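Here is how the chains run, residue by residue.
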Amino acid sequence: MTRTRPKRLHHDEVGPWSELKLEILRKYATAYSTILTEKGFHHSYVDAFAGSGHHLSKRTGELIPGSPLNALDVKPPFDNFYLIDLDAVKVDELRKLTADKNNVHVFGGDSNSILLSEVFPNIRYESYKRALCILDPYGLHLNWTVIAEAAKLRTIEIFLNFPVLDMNRNVLWRTEDASGESVVRMNAFWGGESWRDVAYSSDANLFDIKEKQTNEVIAEAFRERLRTVAGFKHVPEPAPMRNSKGAVLYYLFFAAQQPAAEKIVTDIFSAYRKRGMLHG
Ligand SMILES: C[S@@+](CC[C@H](N)C(=O)[O-])C[C@H]1O[C@@H](n2cnc3c(N)ncnc32)[C@H](O)[C@@H]1O
């Protein structure tokens, strides 16, 4: 008889760019919770790709809190927390870490379906519910339907990881041999196939040869989709998150319905740009 050993928790190692992301999210979550508490709104924190709760910092070699634990620490506190991860070991760990809190709801499974069926229906406009939702997958694992529903509800603000490196590697740099599966994931993330017209254009050359467009062009087109197709009224310029060699790994997008939300995020991004920590 073969015995399968239970999987052990393995903390993700994170680079300085992830620590910067965590700082940005923590700052905004604090501002958000302060304002919504003052206004008397019941407000929730939703982390759809939550991780295990801790990461290993490459910089210091120490364990650091991940986005859900940072949110649990925000003062004034959120009223409710919805944490989702696909990895059963991480989900067990999240359950252990939050066992003493009855306002924390931990789900194991694909957040694309759990958000739509179990979480978003609780955040209704008429009942003065609001939520800050973090959509932070490693790669192309998010579906546009989630983004569109968050915008439609008008109660949910999102931070979104736009995984341009994964897109380039698996789809955009290799259209001919991109596997069917990568293209399916790209279509699901983008919400259709219009990325093809954006990513390859002959506009800028004389010979009518389609050229791969820059990351900036692709990110700007997605920003436009968040506004005009999904229906978020306020989508500031995203923050490019770069590795130590300066390559953009992903863009951190924010989208909301309130002008004040856009202003706060723009101020946070500008402060990091001024300190030389965000370029571009
Ligand atoms: C970048 S990590 C999240 C890090 C976390 N937001 C933080 O900053 O502390 C991405 C997580 O998404 C999870 N994941 C991947 N696909 C998923 C899916 N379809 N639904 C839910 N979680 C998923 C992975 O197991 C992983 O823990």
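Before going into details, it helps to say that this report is about the structure given with it. None of the values given here were measured: they were computed from a predicted structure. (Residues numbered from 1 in each chain as written. Predicted model: local features only at pLDDT ≥ 70, side-chain atom pairs only at ≥ 80, totals over all residues. Heavy atoms only, no water.)

## Some points on the side chain of Asp-136
Applied cut-off: Runs of E in the DSSP output that reach at least two residues are strands. Runs of H or I that reach at least four are helices, and both are numbered from the N terminus. Between N or O atoms, a polar contact is any pair within 3.5 Å; within protein, one atom must be a potential hydrogen donor and the other a potential acceptor, and residues adjacent in sequence are included only when both atoms are from side chains. Any two residues whose heavy atoms approach within 4.5 Å are treated as being in contact.
You can see Asp-136 is positioned in the loop between β7 (129-135) and α5 (144-153). A distance of 2.7 Å separates the side chain of Asp-136 from the side chain of Lys-21, its partner in a polar contact. A distance of 3.0 Å separates polar atoms of two side chains, one belonging to Asp-136 and the other to Asn-161. With sequence-adjacent residues up to four places away left out, Asp-136 is seen in contact with Lys-21, Phe-49 and Asn-161.

## Considering the packing of α5 against helix α9 (residues 215-230)
Short version of the rule: What counts as an axis is a line fitted to C-alpha atoms, over the stretch in contact for a helix, and the angles between N-to-C directions run from 0 to 180 degrees. Here roughly perpendicular refers to angles of 65 to 115 degrees, roughly parallel to angles under 35, roughly antiparallel to angles over 145, and oblique to all remaining angles. By definition, turning the near helix anticlockwise from the far helix through less than a right angle yields a left-handed crossing, and turning it clockwise yields a right-handed one.
At a minimum axis distance of 10 Å, the contact between α5 and α9 shows a crossing angle of 50 degrees. Our classification of the angle between α5 and α9 gives oblique. Read as a crossing pair, α5 and α9 show a hand that is right-handed. Two secondary-structure elements touch here, α5 through Trp-144, Ile-147, Ala-148 and Ala-151 and α9 through Phe-222, Arg-225, Leu-226, Val-229 and Ala-230.

## Quick word on the site of the ligand
Spelled out, the test is: A molecule or strand has a residue near it when one of that residue's heavy atoms lies within 4 Å. For the accessible areas, the method is Shrake-Rupley and the probe is 1.4 Å, while residue cover comes only from the protein chains on display.
Lining the immediate environment of the ligand, one finds 19 residues, of which Phe-49, His-55, Ser-67, Asp-85 and Asp-136 sit closest. Lys-21 is positioned with one of its side-chain polar atoms (N or O) 2.9 Å from an oxygen atom of the ligand. For the ligand, a nitrogen atom lies 2.9 Å from a polar atom in the side chain of Asp-110. In isolation the ligand has 610 Å² of accessible area, and contact with the protein removes 92% of it.

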